[in-house]
Amino acid sequence: MADLTPFTYRQGQSLLHIIDVRCKFFIICIVSMSMLSAHFFPCFLYFLILLFFFKKADFNIFATFKSIKYFMFLLVFVFIARALTEKGDIIFSFYGISVTKQGLSGGFLVSFKFFLVMVTGLLFSSTTKPSSVKSAVQWFLKPIPFVPEKRVAVMISLSLGFMPVILKQAGQISDAQKARCGDLEKNPVKKIIRLVLPLLKKTFLSADSLVLAMESRCYSDDRTDSEFTPSGKEIYFLAAGFIISLTLVCL
Amino acid sequence: MPEKIIDINSIRHIFSDGYIGIKDISLSIHKGEFIILAGKNGSGKSTLLRHLNGLLLPDSGTILVNGHDVSKHLVQTRKTIGMVFQDADTQIVGDTVFDEVAFGLENLKIKRDKINEKVTQVLEDLNLSHLRQRNPSTLSGGEKRKLAIAGILVMDPQVIAFDEPFSNLDYPGTLQVLSTIIDLNQSGHTIIIATHDVEPIICEATRIIIMENGQIKKDGTPDTLIMHLESFGVREPCSSKFGLGLVPWPT
């Protein structure tokens, strides 16, 4: 059995699971854009809302955050970079590099916003089937001329669906190398090359097999469209989405 | 004699690197037959199977399915001959068991109501109903293989071709798949299994075709060919080696 990543869809009957995917997509877009100019307090309020949905969806908050720990390193890096580069009231300096009050607060806010976007995406992908994402992408792209919406949508859905398989293969390659003392290699570039080359090869072979399997089941762009199943609560979600966006922008 | 369903006339396939995959194969397959395509790795079994489904087309010769040339009636051929691949992981497209089974019917542009009805029926027939909302990547090996079979079965094929159906399966998984295959044959489907391990299915087979170097070397009933298997790199079943003849596996 493959391990589920935090981004893998998990079945459930929570509010986020039953809401129409187009509505979720739209709310994510407006909330993410509103967050660009938001201050710390409204962001914190939004974080509390996300925690509420985590609880409602019955996800283990600590296990989920633990599984995205590598992303946290990126946030720490963003924080440090911002703290060291922004001009303002100097708190202390060493070797000509100054850490400023504005840098620290700005770095924290930017990292926090990245974190919120990440958690929003995580909640979205773990409560939305990739096939629904595909349908929504297709629906949003349909009015745009010269865009092959069905093909784009299938590519997105396959990429999402194939993530667990690719991660499983990466794990197998890594284990096979560890079994031959591959972890003694300290050069990170060599380590990455050793992992990436066989992984790419495996991924392309898997993609080949997938193409054959799809072809053998008569795949074509012209297929039965997926159906949307609105729960009737979308209007409340949209209203809540607008209120959250306004709060983020105005507060 | 039952009605002829597949008629292969002197086909030859040469890969782009010049390797001859199959040479001058002629073969007829009748409705309801249970055929084992046996041979060691590289003998041309999978290449021949892929020709039956139109995934590969012969460089010379013809393949007729129900009297129609495969190269001119690809969709019809793929509806008639379903194919279950060796690696179930890489052929799964849907993000739930239900969606995976529905994939083939969506490709055929069947109406949504009909799709829901047929998928529900097939899941019930294969005892997969309780898994309908599960993510396929979380299923066991045997369940994944049964899911792959369900994805084919829903398209109402007359012939089901399996490429190494028991590879990477534990004993319970093998029995699960074996029992499903036997049921399919008893319900009137023609079964073709390409394998180098004939032990689980040899008792059920009505015919064995032994391949080597892209050619058919022997074609006959299991009891007449069982002693010839090892000379073509295929292990003779234990029961036969111990003088017990052909003993069926428990299903």
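Remember, predicted model here, so these are calculated numbers, not experimental data.

With that out of the way, let us pick up the packing of helix α2 (residues 21-35) of chain A against helix α10 (residues 234-250) of chain A. Residue and element names in this part refer to chain A. Taken N-terminus to C-terminus, the directions of α2 and α10 make an angle of 5 degrees; their axes are 8 Å apart at the nearest point. Comparing their axes, α10 and α2 come out roughly parallel. From α2, Cys 23, Ile 27, Ile 30, Val 31, Ser 34 and Met 35 reach across to α10, where they touch Glu 234, Phe 237, Leu 238, Gly 241, Ile 244, Ser 245, Leu 248 and Val 249. Each residue belonging to the contact of α2 with α10 can be placed in one class, and the counts come to 10 nonpolar, 3 polar and 1 charged.

Glancing now at the pairing of strand β3 (residues 34-38) of chain B. Residue and element names in this part refer to chain B. In terms of burial, β3 is a largely internal element, 5 of the 5 residues being buried. Alternating positions in β3 separate into two faces, Phe 34, Ile 36 and Ala 38 on one and Ile 35 and Leu 37 on the other, with burial throughout. Alignment of β3 against strand β8 (residues 190-195), held across 5 bridges, turns out to be parallel. Residue Leu 37 lies in a different strand from β8, and its bridge partner there is Ala 194.

Attention shifts here to unusual backbone geometry. All names here are of chain B. The phi torsion at Ser 10 lies on the positive side, around 45 degrees, for a residue other than glycine. With respect to the helices and strands, the residue Ser 10 is situated in strand β1 (residues 4-14). Using a count of 12 C-beta atoms within 10 Å as the deciding quantity, one classes Ser 10 as exposed. Even without being glycine, Asp 24 reaches a positive phi, approximately 40 degrees.

Bringing the pairing of strand β6 (residues 81-84) of chain B into the picture now. Residue and element names in this part refer to chain B. Side chains Ile 81 and Met 83 of β6 all project onto a buried face; the interleaved residues Gly 82 and Val 84 project onto the opposite face, where all are buried too. Examined bridge by bridge, β6 and strand β7 (residues 159-163) share 4 bridges and lie parallel to one another. Bridge pairing in β7 links Val 84 to Phe 162.

All names here are of chain B. Overall, antiparallel pairing links the 4 strands, which are arranged β2-β1-β4-β5 in an open sheet. Where the open sheet ends on each side, the last strands, each with one partner, are β2 (20-30) and β5 (68-69). Bridging between β1 and strand β4 (residues 60-65) involves 5 bridges; their strand directions are antiparallel. In the sheet register, Asn 9 faces β4, and the bridge partner there is Thr 62.

A few words on the sheet that holds strand β9 (residues 207-212) of chain B. In sheet architecture, strand pairing relies on hydrogen bonds along the backbone and comes in two forms, parallel and antiparallel. Residue and element names in this part refer to chain B. Judged by pairing direction, the sheet is mixed, and its 6 strands sit side by side in the order β6-β7-β8-β3-β9-β10 without closing on themselves. At either end of the open sheet lies a strand with only one pairing partner, and these are β6 and β10 (215-220). The sheet shows a mean angle of 20 degrees between the axes of neighbouring strands, taken without regard to direction. Contacts from helix α5 (residues 141-153) reach β6 and β7, with the element oriented near 165 degrees to β6.

A few words now on the interface of chain A and chain B. Contact residues are listed per partner, giving 28 residues for chain A and 33 residues for chain B. Those elements that provide at least two residues to the side of chain A that touches chain B are α7 (130-141), α8 (149-178) and α9 (188-216) of chain A. Top contributing element to the side of chain A that touches chain B by residue count: α9 of chain A, with 8 residues.

Looking at chain A as a whole, its pLDDT mean stands at 83, while 98% of the residues score no less than 70. Within chain A, no element has a lower average pLDDT than helix α4 (residues 61-67) of chain A, which sits at 77, and none a higher one than α2 of chain A, at 90.

This part takes up helix α3 (residues 97-107) of chain B. Residue and element names in this part refer to chain B. Where burial is concerned, most of α3 is hidden: 11 out of the 11 residues are buried. Of all the positions in α3, only Val 97, Phe 98, Asp 99, Glu 100, Val 101, Ala 102, Phe 103, Gly 104, Leu 105, Glu 106 and Asn 107 are classed as buried. Of the residues trailing α3, Lys 109 is marked for its positive phi of about 60 degrees.

Moving on to the nonpolar core. Ranked by size, the top nonpolar core spans 75 residues in total, and within it Ile 35, Ile 36, Leu 37, Val 101, Ala 150 and Ala 161 of chain B carry the most contacts. Dropping the residues within four chain positions of it, Leu 37 of chain B is found in contact with Lys 45, Leu 48, Ile 192, Ile 193, Ala 194, Ile 209 and Met 211 of chain B. Within the second largest apolar cluster, 14 residues are counted, among which are Val 31, Phe 115, Val 119 and Leu 123 of chain A.

Scoring rules and cut-offs
Residues numbered from 1 in each chain as written. Chains lettered and ligands numbered in written order. Predicted model: local features only at pLDDT ≥ 70, side-chain atom pairs only at ≥ 80, totals over all residues. Axes fitted to C-alpha atoms, helices over the stretch in contact; angles between N-to-C directions. Helix = DSSP H or I, 4+ residues; strand = E, 2+ residues; numbered from the N terminus. Parallel < 35°, antiparallel > 145°, perpendicular 65-115°, else oblique. Contact = placed C-beta atoms within 7 Å. Nonpolar A, V, L, I, M, F, W, Y, C, P; charged D, E, K, R; others polar. Buried ≥ 20, exposed ≤ 12 C-beta atoms within 10 Å, placed from the backbone. Pairing = 2+ DSSP bridges. pLDDT = per-residue confidence, 0-100. Core = buried A, V, L, I, M, F, W, Y, C linked by C-beta atoms within 7 Å.

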